[in-house]
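Spelled out, the chains give:
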Amino acid sequence: MSDQTQPSHRESHLKGGFETRAIHAGYEPDPTTGAVIPPIYATSTYKQDGVGGLRGGYEYSRSANPTRTALEGALASVEEGERGFAFASGLAAEDTLVRATCRPGDHVVLPNDAYGGTFRLFDKVEQAWGIEHTPAPVTDVDAVRAAIRPGQTRLVWLETPTNPLLNIGDIEALAAVAHDAGALLVVDNTFASPYLQQPLVLGADVVVHSTTKYVGGHSDVVGGALVVRDLDLADKVTFHQNAIGAVPGPFDCFLTHRGLKTLGVRMDRHCDNAEAVVEFLAGHPGVVEVIYPGLPEHPGHAIASRQMKRYGGMVAFRAAGGEAQALAVCERAEVFTLGESLGGVESLIEHPGRMTHASVAGTELEVPADLVRLSVGIETVDDLLADLDRALG
Ligand SMILES: *Cc1c(COP(=O)(O)O)cnc(C)c1O
């Protein structure tokens, strides 16, 4: 197949509600067997009917594999994009996007509280190849505008909600700021998931996912994705996805696609449980502050209400007893498993200052030492509340 084409994602334009598309887009029952779920095509190459006679465009599995094509079509559909691309990890997706859109001398505006791995990618890897970056707070549209270097900035990068302080950026306003400067707005939609927020509809040009988190949803596979609206950009990503080769195998694609089918019901339960946890923590004497975009006092609440369907499963709080109590809560919790990552069916608890955000200690990105982050899972909510009650002492 040529570098610029890919098996068609016709089904990605399937109409219907979110859950219908999450379950059906990207794949039609196998014409030979009727298999309702995309088979795991564990093959690296494909028989050609005469030289160049490709069946369905498949030539070699780095370029395309039917299990991956199905996942990519479904991802495009749930994000309301034109084309979806699956990668071996979220960071592999990000690196491929940067190489497809930036050249040495170009510049990127990053959230000043970007996911640590994203910051490291720009600071330690892309910078060495001549791509510069400036951090700016996602909550401040003027600060993002001021960080843009006219003629040099190619990407304005947004995460909303951010990690772990759950800051909210205004996707529509920041898309306008990026477009005024001739740049693309990239939204890392990992924390919200496409069920709660669809950045492309609000004017973003590219959505990035760590599908490792809510999309996969079961903490059993690492993966990433890009979804784009513009077909010229899609061609560039297609070329770089194949030319760089950071693609997921068919088993990983199968697991991620299986997770995506239940995203809607899982997210509703994540949100229900998170809301109950927030209410419980807000009334607990061992907690001085609960951070959740669903709370009216959260500074991003109005924007989150406009651009998100609900407020998600991530909750942060500050322990009244300072760092010692925050660490003790993390260690005493039992149903909440002490660990990094997020977005799986199981609840996780962590201390950002000592764990996910240890590397930013002493910088402007340092997080409070009394902060605890929860990824609220979909277990029985009473068990989650009882666990927190016991852990808070
Ligand atoms: C985990 C994560 C990433 C990186 O994804 P990997 O799949 O771990 O490579 C990027 N952005 C956010 C917001 C994340 O949580």
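The rules behind each value
Residues numbered from 1 in each chain as written. Predicted model: local features only at pLDDT ≥ 70, side-chain atom pairs only at ≥ 80, totals over all residues. Heavy atoms only, no water. Helix = DSSP H or I, 4+ residues; strand = E, 2+ residues; numbered from the N terminus. Buried < 20%, exposed > 50% of the residue type's maximum accessible area, 1.4 Å probe, protein only. Contact = heavy atoms within 4.5 Å. Pairing = 2+ DSSP bridges. Axes fitted to C-alpha atoms, helices over the stretch in contact; angles between N-to-C directions. pLDDT = per-residue confidence, 0-100. Near = heavy atom within 4 Å. Polar contact = N/O pair within 3.5 Å; in protein donor to acceptor, adjacent residues only side chain to side chain. Areas by Shrake-Rupley, 256 points an atom, 1.4 Å probe, with all protein chains shown as cover. Nonpolar A, V, L, I, M, F, W, Y, C, P; charged D, E, K, R; others polar. Phe/Tyr/Trp six-rings, centres within 6.5 Å; stacked < 30°, edge-to-face > 60°.

### Concerning the environment of Ala100
Then comes step 1: Mapped onto the fold, Ala100 is located in helix 3 (residues 90–101).
Then comes step 2: A relative accessible area of 4% means that Ala100 is categorised as buried.
Then comes step 3: A C-alpha to C-alpha distance of 8.2 Å links Ala100 and Phe239, two positions 139 residues apart in sequence.
Then comes step 4: Excluding its chain neighbours within four sequence positions, the residues that come into contact with Ala100 are Lys236, Val237 and His240.

### A word on the sheet that holds strand 11 (residues 348–350)
Then comes step 1: Pairing is mixed across the open sheet formed by five strands, whose spatial order is 8-9-12-11-10. The sheet is open, and its two borders are formed by strand 8 (287–291) and strand 10 (337–338), each paired with just one other strand.
Then comes step 2: Across five bridges, the pairing between strand 9 (residues 314–319) and strand 12 (residues 371–375) is antiparallel. Bridged to Arg318 within strand 12 is Leu371.
Then comes step 3: Sheet strands touched by helix 12 (residues 322–332): strand 9, strand 10, strand 11 and strand 12. Its angle to strand 9, the strand with the most contacts, is close to 135 degrees.

### Looking at the confidence of the model for the chain
Then comes step 1: For the chain, the mean per-residue pLDDT works out to 95, and 96% of the residues sit at or above 70.
Then comes step 2: Below a pLDDT of 50 lies the segment residues 1–5, which in the model reaches 13 contacts outside its immediate sequence neighbourhood of four places, other chains included.

### Concerning the site of the ligand
Then comes step 1: If you check the shell around the ligand, you find Ser89, Gly90, Leu91, Glu94, Tyr115, Asp188, Thr190, Phe191, Ser210, Thr212, Lys213 and Gly223 and nothing else.
Then comes step 2: A distance of 2.9 Å separates an oxygen atom of the ligand from a polar atom in the backbone of Gly90.
Then comes step 3: At 2.8 Å from an oxygen atom of the ligand is found a side-chain nitrogen or oxygen belonging to Ser210.
Then comes step 4: Within the complex, the protein chains bury 92% of what would otherwise be the 380 Å² of accessible surface of the ligand.
Then comes step 5: A total of three residues in the shell around the ligand trace back to one element, the largest contributor, which is helix 3.
Then comes step 6: A class-by-class count of the residues in the shell around the ligand yields three nonpolar, six polar and three charged.

### Quick notes on the packing of aromatic side chains
Then comes step 1: Across all of its chains, the model carries four aromatic pairs by this definition.
Then comes step 2: Judged by centre distance (5.3 Å) and plane angle (65 degrees), the ring pair of Phe18 and Tyr195 falls under edge-to-face. Of this pair, Phe18 sits in helix 1 (residues 18–24) while Tyr195 sits in helix 7 (residues 193–196); the two residues are 177 residues apart in sequence, bridging distant segments of the chain. The same class applies to Phe18 and to Tyr195, which are both buried.
Then comes step 3: Relative to Tyr58, the ring of Tyr46 has its centre 5.5 Å away and its plane inclined at 35 degrees; by these criteria the two rings are tilted. On the criterion of sequence distance, the pair formed by Tyr46 in the loop between helix 1 and helix 2 (66–78) and Tyr58 in the loop between helix 1 and helix 2 is long-range, its members being 12 residues apart. Each member of the pair Tyr46 and Tyr58 is classed as buried.

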